[in-house]
Amino acid sequence: MNIEHLKTDEMDIAVVSSEDVVIVDTQSALDLAMTVKYETGASRIVIDKNMVCGDFFILSTGIAGEILQKFMNYHVKMAVYGDYSQYTSKPLKDFIYESNQGKDFFFVSSKEDAIQKLTEIQ
């Protein structure tokens, strides 16, 4: 796993990359967030969708909701970038839409969009 630290006057953003799936459950998501915070001081994280297990995108597993709740509790903001066009589930599309309307968790198409989204929010 590689962590790139982007530092501005206002905030720190960590761009995490890996060939492996890093988030497989709530604990692994928290481990990622705490590793990033420890190594960079950043509480805003950008990751590739391929680093998240497929079950995250099956809402009935509950993984997505648990992770989002934990990240909100720990004041971690995350943007996940990738192609979401293969998902046809209306509940998942609604979940992605609602997340993108908030200020904590975002689903965007590119790494640049993810960084921009985390930079814009308070």
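You'll find the structure just up there.
Predicted model, so just to flag it, every value in this text is computed and none were measured. (Residues numbered from 1 in each chain as written. Predicted model: local features only at pLDDT ≥ 70, side-chain atom pairs only at ≥ 80, totals over all residues. Heavy atoms only, no water.)

1. Concerning unusual backbone geometry
Applicable threshold: Per the convention used, a helix needs a DSSP run of H or I reaching at least four residues, while a strand needs a run of E reaching at least two, with both numbered from the N terminus. For every residue, the accessible area obtained with a 1.4 Å probe (protein chains only) is divided by the maximum for its type, and the residue is called buried under 20%, exposed over 50%, and partly exposed between those limits.
The phi torsion at His75 lies on the positive side, around 60 degrees, for a residue other than glycine. Looking at the element boundaries, His75 is found in the loop between α2 (63-73) and β4 (77-81). Note on His75: relative accessible area 62%, which makes it exposed.

2. Points about the side chain of Ser110
Quick note on the threshold: Here a polar contact is taken to be a pair of N or O atoms separated by no more than 3.5 Å, where protein atoms must pair a possible hydrogen donor with a possible acceptor and residues adjacent in sequence count only if both atoms sit in side chains.
Tracing the backbone shows Ser110 in the loop between β5 (105-108) and α4 (111-120). At 3.0 Å, the side chain of Ser110 forms a polar contact with the backbone nitrogen of Asp113.

3. Examining the packing of helix α1 (residues 26-40) against α2
Quick note on the threshold: Only C-alpha atoms enter the line fits that serve as axes; for helices the fit covers just the stretch in contact. Angles between N-to-C directions range over 0 to 180 degrees. Left-handed describes a crossing in which the near helix is turned anticlockwise from the far one by less than a right angle; the clockwise case is right-handed. In this description, contact between two residues means that some pair of their heavy atoms is separated by no more than 4.5 Å. Lys, Arg, Asp and Glu make up the charged group, whereas Ala, Val, Leu, Ile, Met, Phe, Trp, Tyr, Cys and Pro make up the nonpolar group; the residues left over, Gly among them, are polar.
Between α1 and α2, the shortest axis-to-axis distance is 9 Å and the interhelical angle comes to 35 degrees. For the pair α1 and α2, the sense of crossing is right-handed. Residues Thr26, Ala29, Leu30 and Ala33 of α1 form the contact with α2, whose own contacting residues are Glu66, Ile67, Lys70 and Phe71. Residues that form the contact of α1 with α2 fall into these classes: five nonpolar, one polar and two charged.

4. Here we look at α1
Put simply, the rule is: Each helix should span, by expectation, one fewer than its residue count multiplied by 1.5 Å.
Compared with an ideal rise of 1.5 Å per residue, which puts 15 residues at 21 Å, α1 spans 21 Å between its outermost C-alpha atoms and is within 8% of the ideal. All of the buried residues in α1 are Thr26, Ser28, Ala29, Leu30, Leu32, Ala33, Val36 and Thr40. Close packing links the buried residues of α1 with β1 (2-7), β2 (12-17), β3 (44-48), α2 and β4. Its side-chain oxygen at 3.3 Å from the backbone nitrogen of Gln27, Asp25 defines the N-terminal cap of α1. Note on α1: the residue one or two positions beyond its end, Gly41, has a positive phi of about 85 degrees.

5. A word on the environment of Lys37
Position of Lys37 relative to the elements: it lies in helix α1. Put simply, Lys37 and Lys103 are 66 residues apart on the chain and 19 Å apart in space, counted from C-alpha to C-alpha. Once residues within four sequence positions are removed from consideration, Lys37 is found in contact with Ala42 and Ser43.

6. Here we look at α2
Note the cut-off: Summarising the geometry, the arc corresponds to the directions from the helix axis toward the C-beta atoms.
Those residues of α2 not exposed but buried are Ile63, Ala64, Ile67, Leu68 and Phe71. Taken around the axis of α2, the buried residues stretch over an arc of 125 degrees, which confines them to a single face. Residues of α2 that are buried make contact with α1, β4, α3 (90-101) and β5. Phi turns positive, to about 60 degrees, at His75, one or two residues after α2.

Keep in mind that these numbers describe shape and distance, not what the molecule does.
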